[in-house]
Every structure is written in C-alpha cells, then in structure tokens.
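# Examining the three-dimensional arrangement
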Amino acid sequence: MEITKNLIYRLLTTFIVFHFVFPTPASFSLPYQEDNGELDPIFLGGTKEEGSVLYKEGIRLLKKNKFIDASLKFEELIARHPDSGLAPLAGILIGDSYMREGETKPARFNDALEAYQEVRKGHHDGDVGAITLLRIGDVYQRLGFSYEATGSFKRIYSEFPGSRFIPKARVRTANAHLISGKYQEALREIQAIIGSYPKSMEAADAFFMKGYTLYHMKRYGEAGKAYTKGSAKWPDYPRSNPVILYDMGDNYMRLGRYEMAREAFQTLVNIYPKYNLSVKAMKNIGDSYRLEGKGSEAIKIYRETVDFFPEDESINGIKAILEEEEVFQSAINATKEKRIPDAI
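Residues numbered from 1 in each chain as written. Predicted model: local features only at pLDDT ≥ 70, side-chain atom pairs only at ≥ 80, totals over all residues. Heavy atoms only, no water.

## Considerations on the packing of aromatic side chains
Here the structure, examined in full by the defined rule, presents six aromatic pairs. Here the aromatic rings of phenylalanine 207 and tryptophan 234 are separated by 5.5 Å at their centres, their planes lie at 45°, and the arrangement is tilted. You can see phenylalanine 207 sitting in helix H11 (residues 201-216) and its partner tryptophan 234 sitting in the loop between helix H12 (220-233) and helix H13 (242-254), a full 27 residues away along the chain. We note that phenylalanine 207, like tryptophan 234, is buried. Relative to phenylalanine 265, the ring of tyrosine 246 has its centre 5.6 Å away and its plane inclined at 55°; by these criteria the two rings are tilted. Taken together, the positions of tyrosine 246 in helix H13 and phenylalanine 265 in helix H14 (residues 258-271) put the pair 19 residues apart, joining distant regions of the chain. Taken together, the aromatic side chains of Phe208, Tyr227 and Tyr237 make up a single cluster linked through ring pairs. The positively charged end of arginine 170 is found above the aromatic ring belonging to tyrosine 157, 4.3 Å away from the centroid. Note that arginine 262 overlies the ring of tyrosine 289, its terminal NZ or CZ placed 4.1 Å from the centroid. (Phe/Tyr/Trp six-rings, centres within 6.5 Å; stacked < 30°, edge-to-face > 60°. Helix = DSSP H or I, 4+ residues; strand = E, 2+ residues; numbered from the N terminus. Buried < 20%, exposed > 50% of the residue type's maximum accessible area, 1.4 Å probe, protein only. Lys NZ or Arg CZ within 6 Å of the ring centre and 35° of its normal.)

Shown next as structure tokens:
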C-alpha cells in the first residue's frame, strides 16, 4: 500500500535532532538544530496499515527513549507484516533508535547505517528513498566521513529532482563543507538555499550559516549583513544557539557596532548562563564599554563577571583587566579633583 507522504515528511523531522556542528578557532561548538517537531497524531490515529498497533507502540517507546524496546517492536512489525506500508518506516525508525543510542554509544552509528541501508535495498524511490539517503549521509557525517556524507546528500539532487527534501539535503551538504573547512563550497550551497527556498526554515538556517561562514573567513562586513538580515526575518532563531549569539556579538565588535554586540552577548548570558561562552561574552561586554571610553560601565561588568564566574580558568586574566581599569579610572578621577582653579 502507498505510504502516506505527509506521514513520511513528518517522520523526517521527528525523534532525531540532527546536529550541525561548526568548527571554530576557539574549539567550542554547539550544534545548529533542525526542526524536531512531534509526529502529528492524526497520521498515527488515522493509519489503517497492517501492524499499526506495533508501530504506535514503537513510537511511544521511542519517545520515552526506550530505544532497545522500540527497536524490538519495529522489528516485530517488519517480521509479521513485511508488505505493510509501515514496514519501511519501521526500518527507518530502527536506524533512528540506533542514532539516538549513538549519542552515548558511538558504535551504534554503524548499526544505524546498516539499518538505513537495509531499508534502501527495497525502497529506492519516493520519499522513503530520499529519507534514507538523508539518514545515511547523517551517519557518515557523525562518523567523520564528510566526503561520503556529501555524496549521499547530493544524490537527492539528481535522483529526486523537485523533492521537498532537497533544501534539507543542501543544508546538510553546506554543513559538511563547513566541517571540512571548505568555505567557498559551503557558501555556494547556502546561496542556493537562500535563492531557491527563501521562505523555508532551511532559509533561516542558511542565513545564519552564511553569517557564520563569512565570519570565519574574516569577511566581517558581509557576515554582519547576513546576521542582521537573518535576525530581522527570524528574530528568535539566534536565541536557540549560544554559538550563533557569540559569533554575532564578536562580529559586531570587530565592526565597531558595540551596542549590537552587547545585545548579542547579553542575550547569550541571560539564556545560557552556565554555557562555557558566557564568561567570554560577559568580558566582551566589558571590553565594548572600555573601547567606547566608558570605564565605569566596564568596571561594573568586569566585577559582575568575577562574581558570577569565580572558578573559570580565564577569571585571573579578567581580574587583571579589572585592576588595570580601576587604576586608570582612579587616575582620571584624581586628575579631575586636582584640576587647577580658574584664575581670578
């Protein structure tokens, strides 16, 4: 029986949160995240496919992170109802279970790859074919095989022209290029997304990926434009990722746009106070005031940084800057107090 296309499409954005981990000079990273919406209940409740009871039970277990039990349900469905339209979906979800386990047990990524390849043997066409290519590419990326990953993603362009999964494949391809340090190749993919799919969520990914890419290419003016335009269209998007916020703030600092830099850094600190970039963001807020000649504001921020992050490895350096600025401001104040009165 024909598999419900909407069900498959929702399936793509369910259960696995795919990570786009960008390399950075400072060796910190946090993934970009694709949409991870819930599987719409209407598709589960309305399905009449054989094995639907097992399928829904597997879904329930997967949502509870009971990956082994979920996999067993999906395997039972495939064994008992191999011709059901739900069988290939169950096969994909077995792979997804392994992918989720791979977060703590990396060896499971190989099991996931085998599961997706098994589904693809009997389902080359349609949405299932496109999904398995995406999943296979994701596994390769997690295993560090960027060349193989991009090869899998790009097959969707040629094998499924016009597919709604192409924007997702392009985002993944751009990410793979970024991880490999191939910034120009990444920009080409990013521009293709922005040009061809301007209203999609992938366009939001692309705008901020563009800013990120240009920032690390030291093309700060262009990066600033990408970040500003992306933030105007998707104001909440940067708030989902502290790395984006930090890079935006640092990029604005380099452009001398200190108020915008402070806004990005302060948002990072407010939302992610325990993230390792927060102390750097706080220091940069102080630095921005210092660069503007606002010593008292800088001192206040440096003191707050010392109070909030007393155990951070960089705190001694911040204390030294604080002491230096305090001495400097004291000297200025002393000079003002000793100003010679106007002659009578």
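## Quick notes on the nonpolar core
In this structure, Phe208, Tyr227, Trp234, Met248 and Phe265 are the most contacted members of the largest nonpolar core, which totals 51 residues. Here this core gets nine residues from one element, more than from any other, and that element is H11. In terms of nonpolar packing, the next biggest core, distinct from the first, is built from 40 residues, Leu89, Ile94, Ile136 and Ile156 among them. (Core = buried A, V, L, I, M, F, W, Y, C linked by side-chain atoms within 4.5 Å.)

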